[in-house]
Amino acid sequence: MKAKFLVPLILFLVLAGFLAFGLTLNPREVPSPLIDKPAPAFRLARLDQPAQTFALEEMRGQVWLLNVWASWCVACRQEHPVLVDLAKRQLAPIVGLNYKEVRGDGEIDARDMALEAETALAIERAHGWLRAHGDPYALSVLDIDGRVGIDFGVYGVPETFLIDQRGNIRYKHIGPITPESVEKIFAPRIEELKRAG
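Every value quoted in this text rests on a predicted model; they were computed, and no experiment measured them.

Basis of the calculations
- Residues numbered from 1 in each chain as written.
- Predicted model: local features only at pLDDT ≥ 70, side-chain atom pairs only at ≥ 80, totals over all residues.
- Heavy atoms only, no water.
- Pairing = 2+ DSSP bridges.
- Helix = DSSP H or I, 4+ residues; strand = E, 2+ residues; numbered from the N terminus.
- Axes fitted to C-alpha atoms, helices over the stretch in contact; angles between N-to-C directions.
- Contact = heavy atoms within 4.5 Å.
- Core = buried A, V, L, I, M, F, W, Y, C linked by side-chain atoms within 4.5 Å.
- Buried < 20%, exposed > 50% of the residue type's maximum accessible area, 1.4 Å probe, protein only.

Right, let's talk about the sheet that holds strand 7 (residues 169–174) for a bit. Across the sheet, five strands lie side by side as 5-4-3-6-7; this open sheet has mixed pairing. The outermost strands of the open sheet, each flanked by one partner alone, are strand 5 (139–143) and strand 7. Taking each pair of neighbouring strands and ignoring which way they run, the sheet shows an average axis angle of 20 degrees. As paired strands, strand 4 (residues 94–99) and strand 5 are joined by five bridges and run parallel to one another. Its bridge partner being in strand 5, Y99 is matched across the sheet by D143. Strands strand 3 (64–69), strand 4 and strand 6 (159–163) of the sheet are contacted by helix 2 (residues 74–89), whose axis makes an angle of about 155 degrees with strand 3. In the packing of helix 3 (residues 115–133) onto the sheet, the strands contacted are strand 3, strand 4 and strand 5, and the crossing angle to strand 3 comes to about 110 degrees.

Now the structure itself:
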């Protein structure tokens, strides 16, 4: 008879233990299956020169950051001054992946918009935003339909990927980069990867 009452109590304690453990985890550190694996290959139009493209393999031999951003992203505004400071330190080049600049903005109905018109609007909006807030990027590319973001497993913006000299993703940061995350996470990892060659 006692065992009948103990079972629910034990189940409750086990569930409470799982909940307590879950509360100790950092929600920005979501495991990614891409960590220590080659970054998905891509070739996209450059924001500064849309007639030219940029491909992932152009960064071979460098430790660099791929930052996913958009002008409609509120959290990107919080992060952007940190990226500008990070770029001034020249720890690693930052490549911007401008993600669904038009389609991602909930206030714009892009369903009937021609790709050329959408691309032109994305360029105008992204350029305007970088002029207003500063441009920390070595270059930015246009992920108009978000397919490259999907390949990288992007949940939302901003997200940042640390990529090593061989093109492997070594760290994924979800949410805005903060001065604290630069000092405690990015700077040490970048230096470690540079030393490892």
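Attention now goes to the nonpolar core. One finds F42, L66, W69, F152, F161, I163 and I190 to be the most contacted residues of the largest nonpolar core, which totals 54 residues. Of all the secondary-structure elements, those providing two or more residues to this core are strand 3, helix 2, strand 4, helix 3, strand 5, strand 6, strand 7 and helix 5 (179–196). The contacts of W69, once residues within four sequence positions are left out, are L47, C76, G96, L97, N98, Y99, A126, W129, L130, Y137, S140 and V157.

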